[in-house]
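Listed below are the residues making up each chain.
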Amino acid sequence: MKPKANRATGSLDMRQDLVDGVVRLQLKDLLTKANESDDSTLLVKLSQCLNPSTSQLAEYMKILSQISTSLKKYCDCTDVTCEGSITVYISVLAEIHSAVTRNPVRRMISSTLQNLPQRCHSVVIQQFSSCLQRYMNKTSGDDPDHRRHVIDLIASYLENWPLGECVLAAINKPVLAYLSVSVATFVRACCEAESPTALTNLTQSCHVILKNTIAVLQKCFHGNRSAGTDSLHHDAVVGLNNAVFDILSNSIFTTNCQSVAGMTLIAALKLMSDSENMVSMIMKTLLPHCSPGHLPSINKPVQDVNEELSNCRIHWNQLSTYCQLCVCHGILAMLDIDSLVSEVLPHTTLLDLMFTEIMKLQKSLVDSYSILAASRTLTLWTHTAKQALQLSTQNNLRSLLSGQGSVSKHILDYVWENWEHAIEGMRYQMKIIFENVIEMHILATGKEHRISNDSFILDLFHQLMTNSWHIRSKYSFLITMVTYLGSAGVLELHPTMPQDVLSAMEEQTTAPYASDLYEKLLQSHKEQMKQMTSESSCHGDDTWQQVWLPPVLEVLNSRKLGSTLLVQYLLPRLLKNNPESLDYIIGSLHTSSNENHLSAMITCLKVARSQGLLAQRPCDNSETWHGVIQVSLLKQAVCHKDSQISIQALSLICDSSKSTEVFSSVDFHLIKLFLKCNTKNQSAASRHCINSNVKKILSRIQEGGLVLWKQRHKEEAKVQLTLYKEFVEWLYNFAFNNLYCDACYPRRATALSILTLLQDAFTTKAKKEGVEFSFWSQWTSVHVQSILECLTDSYVGNREMARKLLVNVPTIPDKISHLYKIGLDLANGSRPQDSVIAANILSVACHCGAVTAKDAFTDLLNDLKEQINEAKISLLQAAASSPMYGLLYCIRVLLKDKIANQPASARSILCVFSFMKNSTEELIQLCLDAASVVSPVVCNTSPEGYLPVDDDKGASVSLECLVFKNSADDVSDVDEGSNSVTVTPQMVLVCCWVTMKEVSLLLGQLTQMSKGQSSPLLASPQMTKIGRFFMDLLMQARHRGAFELSYNGFEQLCNQLWRNSDKVLNSLPRQWLQVLLSEISSDSENSQLCATRRSAGIPFAFQECLFPVHSKFMTSDHLIQVEVD
């Protein structure tokens, strides 16, 4: 064995209390005598491992690796005086191997010792067996942890370590006795377990012990059947059998544990008798109900046999059906073929008896795991039966297992009953059993070379074909039949097989299975054709292609669901295993008259490219692309009216398994042609695909350019780099040329997306390596103006992309200095859409240095103050010319944008908004003033048709501009100098509702910004003000949009208050709850609530006052107490 590579991670865990003190003294004695001798280094390292100073497993393994090398060299020495030192070295390694709990250390030591010279192996066996016996003797009944440690240690001896098996074989009886006691100990512990978790852990320990017991019995007791003469050995086996029977008869143990217990039981019973009496012993012990009077005699005194059987508490009838099945599985797994084919009844072997038992038991099983276990047991029986047919000459066995035999018929009935079972594992087992039945028939009849004409095989095939194609197992069974009949035989029996299988691919549930069958048929036919032709494979290839490929092309041309599934499941495997079929497919599609032939051709080429089949094709030229398709056809594809086909063609050109694969001039010509034809694609999904492909193009240009730059001394590389640069420049200019004034939304969206991708790829100045192109150095004032015009686009996506481009441009502020005034004017405007444009413009102006964020913030506050004063005088005037919400929105966006663009390490609110420290109180007060101005409309019982003058008839005198146009709609004309502006109730409502919305969102944002700061942005009085505002709005607002938006801000505030250490602030949610309960229960006419559906703000207020405390801080009992209090 060679030492395995060290991939160990984690910490070292070593039980120093278990290390033998004698070994420590021996090592210390050698260290004192070593001085400067050659083995002093080895001794030091051994001492370091025995008394580790590090807890890092990787460092410890490194030292062990050095010991492995040194010890090997030392043991190669033939000096007799070294033998004593070698014994000490090995004993130290035995102590380390036994004391550690990590398998990597143990594997390293076992590999080291296995590679020692042969003369050292006896020392290894002696030292390790002595150490193991000491560990087993230390175990006490009340120390399950130590017992599990020893069990794991025994398992490490069996883990691919021949010397370890020899160690266990040398002390096999004490080891078996220890395992027997351990099983019994853990079984008792399981029965006394007080919790499900403890029971699970103990059951797992039982499972591990049983697996190790089986391994010890199989590997360390070769030919040792002395249980009857050795009392210690006999007692251990009997105790083990009794403990195993307790596992089988107790339902608290897992099914996995009981399955292993069934095999352990048989392995242990094998030790109680020699090979001649083993079957009779098993029959008398486990299967007394199977005509015991006909059993052959046991070559032991009757008294001894009865005593052995009486000592084993094994009663078949006390076992559940599943556990009886586990015992049958154990008999099949643990007994050899000779024992299984021995007669236990007249003309009946143990193998026959097991089949009868299995078929009887499986009928009584109901749960899915037991049913699956029964199928696995029957699968094991069929494997065993095949081996029996190969080794046995019994005619009765052959007649039973032939296709016409009674056993095979029973098995097939079971298969047909379960072949479409809901459990996939069952379907898989049925397939294996079906294959085994056929192989048993072949072995029983001896028709290996005449199978294609066998009536049993042909009947099976016809029976399969009569079943529906919707049955999934039909395909796997047919794959098995192809193995024996061959594709030629299948086609002879069923000529329309290709068409039938491909038709089944139209359904998602059967497509994967149908593709497996089709591939098997195709490959089998191809191999048969190659065998039939003696000259070359060409003629044979033509034959199979003409049979199997035309149906595939027909499905591809249909463009139905089946074609999509075929591309997903079958086509990749077909081309990967048969690359020569690509030329046939492309040639056939090229000459096809089907209208979908171009789409099918592009699809096949995409699959071929993903498989790497085009990489080895000849270089491009002006007429053919990769030597497989004419360039003229690709031009038709990239300009096709069906966007799906054109995008597929673009993907074909862009996709590559190699990120540095170069583009040719033909590729760039096709890409340009595609972009010219598809820039204004109306489909958002199609535009997303275009952007994805452009990103792939730029990525390949970047990575390929770096490789080409390293080869720049070659003329070829220089030409390619120039080609790349020219294309990037073309793409840059193409994008800007599509941003003209009247460009439609899709055209602008595509152009801006391309520019964004170019910005991401080439944001720095011209590099010294790769493609020489700098994105920003190409910008001119014309380009800036084109992007600025996009800020007024009616679509949010385009405006956002334009803003991101502008905020990153390293341009001179005077180019966009006029932006700031435009942004302020729009922010003061009366159209809601203008406020969004204004926010984008102001954001760009701040980023580009046209104005500082502090100055912008100050100007916005001053304008807001003026508009609020105007609204206090006349809300009608405000709705017409000073609606307030635009300024509030711009303030909110600038605050959010400012903090979002700070480095993660500097996102302290006071650091980012130091200029706000003196303005916070003013901002909050302005928000509350704005809310108080618009609240009469928002909180009105009928806000949709309400004008502020409706409540004050005297106000109509002072408002000379108010004129009622008609009785249907109340309309007011506000005279602004020489202009008359019509004001409708709807305008007033929009002004008030949007203003209230912005106030709620802005206050919520301020609350969120203050969260988690050591020096909060908001002081206690300010948070109290904000909370009172939200409460009033939720209780009084009749407009659903108003209270739904205030809910978000109130949620952030309540979350922070419940976490606040300030007692005054922490008590605010409780006070608000009391106010809510008082208002609900109040009968006063002055109550702020109204009993209509428009009081829906109340549930929001309750939810946010209670939700944080319910989810984070209190139990439901505490929550009820809060409500009661």
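Structure report, in brief.

Check the secondary structure of the chain and you find 53 helices and six strands. For the chain, the proportion of its 1125 residues judged to be buried stands at 52%. Looking at the chain alone, contacts between residues at least 24 apart form 71% of all its contacts between residues at least 6 apart.

Turning next to helix α47 (residues 985-1009). The end-to-end C-alpha separation of α47 is 36 Å, in line with the 36 Å expected for 25 residues at 1.5 Å each. Within α47, 18 of the 25 residues are buried, which leaves the element mostly enclosed by the surrounding structure.

Two measures define how a pair of helices packs: the angle their axes make with one another and the distance between the axes. Where helix α23 (residues 473-493) meets helix α25 (residues 511-532), the axes come as close as 9 Å, and the angle between the chain directions of the two elements is 30°. As the angle between them shows, α23 and α25 are arranged roughly parallel. Read as a crossing pair, α23 and α25 show a hand that is right-handed. On the side of α23, the interface is formed by Tyr475, Leu478, Ile479, Val482, Thr483, Leu485, Gly486, Ser487, Ala488, Val490 and Leu491, while α25 contributes Tyr513, Ala514, Asp516, Leu517, Lys520, Leu521, Leu522, Ser524, His525 and Gln528. When grouped by side-chain class, the residues that make up the contact of α23 with α25 number 13 nonpolar, six polar and two charged.

Counted by the stated rule, this structure contains 21 salt bridges. For lysine 696, the salt bridge is made with aspartate 655, and the minimal N-O distance between the two is 2.8 Å. Here lysine 696 is found in helix α34 (residues 684-710), whereas its partner aspartate 655 is found in the loop between α32 (643-654) and α33 (665-678), with 41 residues between them in sequence. We classify lysine 696 as partly exposed; its relative accessible area is 34%. Measuring nitrogen to oxygen at the nearest pair gives 2.8 Å for the salt bridge that ties aspartate 834 to arginine 831. Given a relative accessible area of 8%, aspartate 834 falls into the buried group. The class of arginine 831 is partly exposed, set by a relative accessible area of 45%. Through salt bridges with shared partners, a single ionic network connects Asp516, Glu519 and Arg573.

For the rest of this paragraph, the subject is the nonpolar core. Counting residues in hydrophobic clusters, the biggest one holds 284 residues, and the most contacted among them are Ile96, Leu350 and Trp381. Counting residues in hydrophobic clusters, the runner-up holds 75 residues, among them Val851, Leu875, Ala931 and Cys991.

With that settled, the discussion passes to the side chain of serine 487. Structurally, serine 487 can be placed in helix α23. Look at serine 487 and you get buried, because its relative accessible area is 0%. Filtering out sequence-adjacent residues up to four positions away, serine 487 remains in contact with Val482, Lys520, Leu521, Leu522, Ser524, His525, Gln528 and Trp548.

Moving on, we get to the packing of aromatic side chains. Under the criterion given, the structure shown has 27 aromatic pairs. Summarising the aromatic geometry, the rings of phenylalanine 775 and tryptophan 779 are spaced 5.9 Å apart at their centres and angled 65° between planes, so their arrangement reads as edge-to-face. Exposure class is identical for phenylalanine 775 and tryptophan 779. Each is buried. Members of the aromatic cluster, connected to one another through ring pairs, are Tyr732, Phe736, Phe762, Phe773, Phe775, Trp776 and Trp779. Here the guanidinium or amino end of arginine 147 rests over the ring plane of tyrosine 178, the centre of that ring lying 5.1 Å away.

Of the voids in this model, the second largest pocket is the one considered here, and its volume is about 420 Å³. For the second largest pocket, the lining is made up of 21 residues, of which Tyr889, Arg892, Val893, Lys896 and Gln1005 are closest to its centre. Listing elements by their share of the lining of the second largest pocket, those giving two or more residues are α38 (796-807), α40 (832-847), α43 (885-900), α47 and α49 (1040-1059). Among the residues forming the lining of the second largest pocket, the class breakdown is six nonpolar, nine polar and six charged.

To continue, consider the environment of glutamine 759. Position of glutamine 759 among the secondary structure elements: in helix α36 (residues 745-761). Exposure remark for glutamine 759: the relative accessible area of 7% places this residue in the buried category. A sequence separation of 50 residues divides glutamine 759 from valine 809, and the C-alpha atoms of the two residues are 9.7 Å apart. If we ignore the near neighbours within four places in the chain, the residues touching glutamine 759 are Phe775, Trp776, Lys804, Leu805 and Asn808.

What follows is about the state of the cysteines. With the rule as written, the count across this model stands at zero disulfides. Of the cysteine sulfurs around cysteine 190, a residue in no disulfide, the closest is that of cysteine 206, at 4.0 Å. Its sulfur unpaired, cysteine 257 is 5.3 Å from the next cysteine sulfur, which belongs to cysteine 206.

Rules used throughout
- Residues numbered from 1 in each chain as written.
- Predicted model: local features only at pLDDT ≥ 70, side-chain atom pairs only at ≥ 80, totals over all residues.
- Heavy atoms only, no water.
- Helix = DSSP H or I, 4+ residues; strand = E, 2+ residues; numbered from the N terminus.
- Buried < 20%, exposed > 50% of the residue type's maximum accessible area, 1.4 Å probe, protein only.
- Contact = heavy atoms within 4.5 Å.
- Expected span 1.5 Å × (residues − 1).
- Axes fitted to C-alpha atoms, helices over the stretch in contact; angles between N-to-C directions.
- Parallel < 35°, antiparallel > 145°, perpendicular 65-115°, else oblique.
- Left-handed = near helix turned anticlockwise from the far one by under 90°.
- Nonpolar A, V, L, I, M, F, W, Y, C, P; charged D, E, K, R; others polar.
- Salt bridge = Lys/Arg side-chain N within 4 Å of Asp/Glu carboxyl O.
- Core = buried A, V, L, I, M, F, W, Y, C linked by side-chain atoms within 4.5 Å.
- Phe/Tyr/Trp six-rings, centres within 6.5 Å; stacked < 30°, edge-to-face > 60°.
- Lys NZ or Arg CZ within 6 Å of the ring centre and 35° of its normal.
- 1 Å grid on protein atoms, 1.4 Å probe; cavity = no way out; pocket = protein on both sides within 12 Å on 5 of 7 lines; lining within 4 Å.
- Points joined across faces, edges and corners; volume = space filled by probe spheres on them.
- Disulfide = S-S within 2.5 Å.

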